[in-house]
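# Descriptive analysis of the structure
These are the residues of each chain, in order.
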Amino acid sequence: MGVLASAGRPVRSVLTVLKTTVYQTYLQLSERGEPLPGDLRWDRLRERHELHERTVEEIHEFIRKESPSTHIRTVRRGELTDKHVHETDLVVSIGGDGTALQTSHAVGGDVPLLGICSDPTPAQEQKRANHAEQDVRRSTGALCAVTRENYQEYLAGVLTGKLRPSERTRIMVTVKPAGAAISEMQRLPWALNDILVAHPSPAAVSRYRMGLWEGREHIRDHGEAATSQERLVRENVRSSGLRVCTATGSTAAMRSAGGLPMPFDTPETPGCNRILQYMVREPIDVQHGVLMRGILDPDRSLRLRWNSLDGAIFVDGSNITYKSGWGTGYGFLQQHQVFGYTPESRGTSLDTEP
């Protein structure tokens, strides 16, 4: 998410969220006496860990130098809750995409998120023809606005308020267990990238009924849906699941599955950031075939009724998983807000044809 034209507010309080490196993870397992892989390259793992730690120290020192009055707090990503974000002007994730995604689930309101990739793959290593020579222990950082190599000018602009966070759409998923009242509806954490609804086993068939609805819908604080909607089409599906993504997540798993990159808001493509993309995964049997893939604008929503005995919904990967069963109802809604700073290079086509 890039930068809007007008300036933001100066930053007085920063929360840095740090990834736990692979080296730290294996070291903790070793200290607990748990078995480890026999071919671990401890030297490489330690090298990656030390580089990440140096990056964290350098970023903290840069903030103190550029903005001496700014208060810095730090938390490991596995310990992060939304309470850490209270009374914070800026959240900075230091790590890779996993850290940025996990951090995004705790960020809300008008607190922006800036992702800094702490251990990017050097350009010379990316150019190597033999991919086996690349160190896959590094961070990817596709969701990070900058890296340890180029963050200083950008971060300085964020701290002074010269750069303002962009708006991004996230996915809000409502869950209504079978037999539950509307007031008992649950809301899952907002998804920045995508949502996957599927059987817990990748080898099992997912059975569900999906419907496309038109009209505005919002969820009141106590969970009740206030709606004035009309169902456009409904069909029963057997497949390996359903994926719904935002523009931010359209270049991740959705594109790998055959989806299309979605542009962010530009003068040529206004309003594109406010839409969602959905796709039925590996369809086996469909009733009409009209809802295999498509675009959801702010006036449309998608609803599911789960018809398999077991089911699961995955929010931005596997870290947040909600187990469900037969009769569970799902609703997918757009949630648009000022969110943060991340890259915004995307394609421009919104054509939903294969």
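Above this text is the structure in question.
What this report covers is the structure whose coordinates are included nearby. Keep in mind that what you see is a predicted model, and the values were worked out from it rather than measured.

Bringing the packing of helix H1 (residues 22–31) against helix H2 (residues 42–66) into the picture now. The contact between H1 and H2 brings their axes to 8 Å, and the two run at 120 degrees. Compared by their axis directions, H1 and H2 come out oblique. Mapping the contact onto sequence places Val 22, Tyr 23, Gln 24, Tyr 26 and Leu 27 in H1 and Trp 42, Leu 45, Arg 46, His 49 and Glu 53 in H2. Here the residues of the contact of H1 with H2 sort into six nonpolar, two polar and two charged.

The next point concerns the environment of Leu 188. Structurally, the position occupied by Leu 188 is in the loop between strand S8 (186–187) and strand S9 (194–198). C-alpha of Leu 188 to C-alpha of Ile 320: the two residues are 132 residues apart in sequence and 8.9 Å apart in space. Sequence-distant contacts of Leu 188, defined by excluding residues within four places in its chain, comprise Val 173, Val 175, Ile 313, Val 315 and Tyr 322.

Attention now moves to the pattern of salt bridges. Here the structure, examined in full by the defined rule, presents eight salt bridges. Between Arg 32 and Glu 34 there is a salt bridge, and its shortest N-O distance comes to 3.0 Å. Looking at Arg 32, the relative accessible area reads 54%, which means it is exposed. When the shortest N-O distance is used, the salt bridge between Arg 64 and Glu 61 registers 3.8 Å. Of this pair, Arg 64 and Glu 61 both sit in helix H2, three residues apart, roughly one helical turn. Since its relative accessible area comes to 49%, Glu 61 is described here as partly exposed. Through salt bridges that share partners, Glu 47, Arg 48 and Asp 119 make up one connected network.

Conventions used here
Residues numbered from 1 in each chain as written. Predicted model: local features only at pLDDT ≥ 70, side-chain atom pairs only at ≥ 80, totals over all residues. Heavy atoms only, no water. Axes fitted to C-alpha atoms, helices over the stretch in contact; angles between N-to-C directions. Helix = DSSP H or I, 4+ residues; strand = E, 2+ residues; numbered from the N terminus. Parallel < 35°, antiparallel > 145°, perpendicular 65-115°, else oblique. Contact = heavy atoms within 4.5 Å. Nonpolar A, V, L, I, M, F, W, Y, C, P; charged D, E, K, R; others polar. Salt bridge = Lys/Arg side-chain N within 4 Å of Asp/Glu carboxyl O. Buried < 20%, exposed > 50% of the residue type's maximum accessible area, 1.4 Å probe, protein only.

Functional significance is not addressed by these values, which are geometric in nature.
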